[in-house]
Amino acid sequence: MIKHGLQIFACNASRDLACDVSQRLGMRPGQLEISRFSNDNLRVQIQDNVRERDVFVLQSFTEPVSEHIMELLITLDALRSASAQRITAVIPYYSYARSDKKDAPRISITGRLIADMLKTAGADRIITMDLHADQVHGFFSVPVDHLTAVSLIAEHFRNHYDLSNMVAVATDAGGAKRTGRFSEKLGIPMAIIDKRRVSDTAVKQGAVVGEVAGRDVVIFEDEIATAGTLVSSVATLKAAGARSVHAAATHGVLCGPAIERLRDAAKNWKGFEDSRAAMAQLAKTHRLIAMTNAQRWAFDYFSRELGNPFHAAFTADDTGTEKPDPAFFEKVFAFVESEGASKDDIL
């Protein structure tokens, strides 16, 4: 009975994920149309009957973030107007979780603002994954299911690495609880790096609290954005005598200078390239956005190597949904094979 009363919709950021979920449930994804007026205003029309239905809307706050937020808000309001019984917003990546405190004068705690907007628009419940800070859960005045990828990533390391000489490292005090849960899952010790954030893209790190000399280090983050923290952490750990450094994250956002930083890091530090394998494994088993973060990273990297801009790899249809350009990816696959790898490594 619940199955027949359930409907799943997706906005443009998470259509593939919605299709995967619907397929597992033996359902057809709900139909909605997202279009634009001539003045660039968004318009959302629900094309299925949702009266008295239990509705789930999937939308990750990926780039372009503001547009994806507006799509979700308008969709929630449209569903409420269409008399849906309960509306659950599924937001795998809640990007504004990083705006969780007032750390400068005259700024907004935007994580709370977006939470209020979601309720006002019509969300009765939220499902999200690995928030940047646990306290963001308290910003919502509706029930929240806060999921985590800790078990999934821990399983990858347990199956592929020798844990006898491994230590989990938190890149700052704020991530200590998250890293602690990760280390408990693996049954390994942990250490913490003293970090000071200088700006949005730059950090300054000091001493390592804990024993990492001669050990294999694993860094587990909720997200990798500009990769400033990750790259500086690797430098700090190598200077402290770490034998190798591996990294994994739930949300591989990889914005701004992240690709260049990680590419340079992979050339300079033995063991760092394993971060790519960890994120690829995570992406293969738990896709969070329309295109997996591992694929975005790989295609961005290869498009730079080929001298083509990343946006050339995709074309958008009338709804704004990205679709791969076959001709471009044939070049990518040829490049991968010329490097002695297989295209299956990035698919």
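Our structure's up above, just so we're on the same page.
A.B. asks: Any chance you could explain the overall build of the chain here in plain terms?
C.D. replies: Secondary structure assignment for the chain yields ten helices and 14 strands. Sorting the 347 residues of the chain into buried and exposed places 50% on the buried side. Across the chain, every contact between residues at least 6 apart in sequence was considered, and the portion connecting residues at least 24 apart equals 64%. Here the chain has roughly 16900 Å² of accessible surface; of this, 50% comes from carbon and sulfur atoms.

A.B. asks: Just to check I follow, could you spell out helix α6 (residues 228-239) for this structure?
C.D. replies: Think of an α-helix as turning once every 3.6 residues; residues three or four places apart then point the same way. With twelve residues, α6 should reach 16 Å at 1.5 Å per residue; the first-to-last C-alpha distance of 17 Å fits that figure. For α6, the buried fraction is high: nine of the twelve residues fall into the buried class. Phi turns positive one or two residues past the end of α6, at Gly241, with a value near 100°.

A.B. asks: Explanation requested: unusual backbone geometry in the structure shown.
C.D. replies: Note on backbone geometry: most residues besides glycine have negative phi, and most peptide bonds are trans. A cis geometry characterises the amide bond from Glu63 onward to Pro64, with omega recorded as 0°. For Pro64, the position within the fold is in the loop between β4 (54-58) and α2 (65-81). Phi is positive for Asp40, close to 80°, though the residue is something other than glycine. A positive phi angle, near 60°, is found at Glu52, a position not held by glycine. Following the sequence through the fold, Glu52 ends up in the loop between β3 (42-46) and β4.

A.B. asks: Is there a simple way to think about the sheet that holds strand β5 (residues 86-91) in this case?
C.D. replies: The strands that make up a sheet pair up through hydrogen bonds in the backbone, lying either parallel or antiparallel. Strand order in the open sheet formed by five strands is β1-β4-β5-β6-β7, and the pairing between neighbours is parallel. Looking at which strands have only one partner, the edges of the open sheet turn out to be β1 (6-10) and β7 (144-147). For this sheet the average axis-to-axis angle between neighbouring strands, irrespective of direction, equals 15°. Across the sheet, helix α1 (residues 15-25) touches β1 and β4, and the angle it forms with β1 is around 160°.

A.B. asks: Help me understand the packing of helix α4 (residues 150-160) against helix α5 (residues 176-186) in this model?
C.D. replies: To describe two helices that pack against each other, one gives the angle between their axes and the distance between the axes. Put simply, α4 and α5 touch, their axes get as near as 9 Å, and they point 45° apart. Regarding the angle of α4 to α5, the classification is oblique. Crossing of α4 against α5: the hand is right-handed. When α4 is examined against α5, the residues Val150, Ser151, Ile153, Ala154, Phe157 and Arg158 are found in contact with a partner set consisting of Arg181, Phe182, Lys185 and Leu186.

A.B. asks: Would you explain α2 in this entry?
C.D. replies: Compared with an ideal rise of 1.5 Å per residue, which puts 17 residues at 24 Å, α2 spans 24 Å between its outermost C-alpha atoms and is within 8% of the ideal. Residues of α2 that are buried: His68, Ile69, Glu71, Leu72, Leu73, Thr75, Leu76, Ala78 and Leu79. Among the structural elements, β1, β2 (32-36), β3, β4, β5 and α3 (110-121) are those in contact with the buried residues of α2. Ser83 sits one or two residues past α2 and shows a positive phi near 70°.

A.B. asks: What is the right way to look at the packing of aromatic side chains in this model?
C.D. replies: Describing an aromatic ring pair means giving the distance of the ring centres and the angle of the ring planes. Scanning the model with the defined rule gives five aromatic pairs in all. Centroid distance Phe61 to Tyr94: 5.6 Å. Interplanar angle 35°. Geometry classified as tilted. Note that Phe61 is positioned in the loop between β4 and α2 and Tyr94 in the loop between β5 and α3, a separation of 33 residues in sequence. In terms of burial, Phe61 and Tyr94 fall into one category: buried. Three or more aromatic residues joined by ring pairs form one cluster here, namely Phe157, Tyr161, Phe182 and Phe220.

A.B. asks: Just checking my understanding: could you explain the pattern of salt bridges for this structure?
C.D. replies: Here the idea is simple: oppositely charged side chains can pair when their charged atoms come close. Under the criterion given, the structure shown has twelve salt bridges. Lys101 is the partner of Asp100 in a salt bridge, and the nearest nitrogen-oxygen pair spans 3.3 Å. On the basis of relative accessibility, which here comes to 47%, the residue Lys101 falls in the partly exposed class. The salt bridge involving Asp145 is made with Arg125; its shortest N-O contact spans 2.6 Å.

A.B. asks: In this structure, what is going on with the pairing of strand β8 (residues 166-170)? I would like to understand it.
C.D. replies: Side-chain direction in a regular strand flips from residue to residue, so the side chains alternate between the two faces of the sheet. By the criterion of burial, β8 is predominantly enclosed, with five of the five residues buried. Side-chain alternation along β8 places Met166, Ala168 and Ala170 on one buried face and Val167 and Val169 on a second face that is also buried. Here four bridges tie β8 to strand β11 (residues 216-224), and the two strands are oriented parallel to one another. Opposite Val169, over in β11, you have Ile219 as the bridge partner.

A.B. asks: Would you explain the environment of Ala89 in this entry?
C.D. replies: Structurally, the position occupied by Ala89 is in strand β5. It is 8.6 Å that separates the C-alpha atoms of Ala89 and Val55, two residues lying 34 residues apart in sequence. Residues in contact with Ala89, not counting those within four places in the same chain, are Val57, Leu76, Ala123, Arg125, Ile126 and Ile127.

Rules used in this analysis
Residues numbered from 1 in each chain as written. Predicted model: local features only at pLDDT ≥ 70, side-chain atom pairs only at ≥ 80, totals over all residues. Heavy atoms only, no water. Helix = DSSP H or I, 4+ residues; strand = E, 2+ residues; numbered from the N terminus. Buried < 20%, exposed > 50% of the residue type's maximum accessible area, 1.4 Å probe, protein only. Contact = heavy atoms within 4.5 Å. Areas by Shrake-Rupley, 256 points an atom, 1.4 Å probe, with all protein chains shown as cover. Expected span 1.5 Å × (residues − 1). Pairing = 2+ DSSP bridges. Axes fitted to C-alpha atoms, helices over the stretch in contact; angles between N-to-C directions. Parallel < 35°, antiparallel > 145°, perpendicular 65-115°, else oblique. Left-handed = near helix turned anticlockwise from the far one by under 90°. Phe/Tyr/Trp six-rings, centres within 6.5 Å; stacked < 30°, edge-to-face > 60°. Salt bridge = Lys/Arg side-chain N within 4 Å of Asp/Glu carboxyl O.

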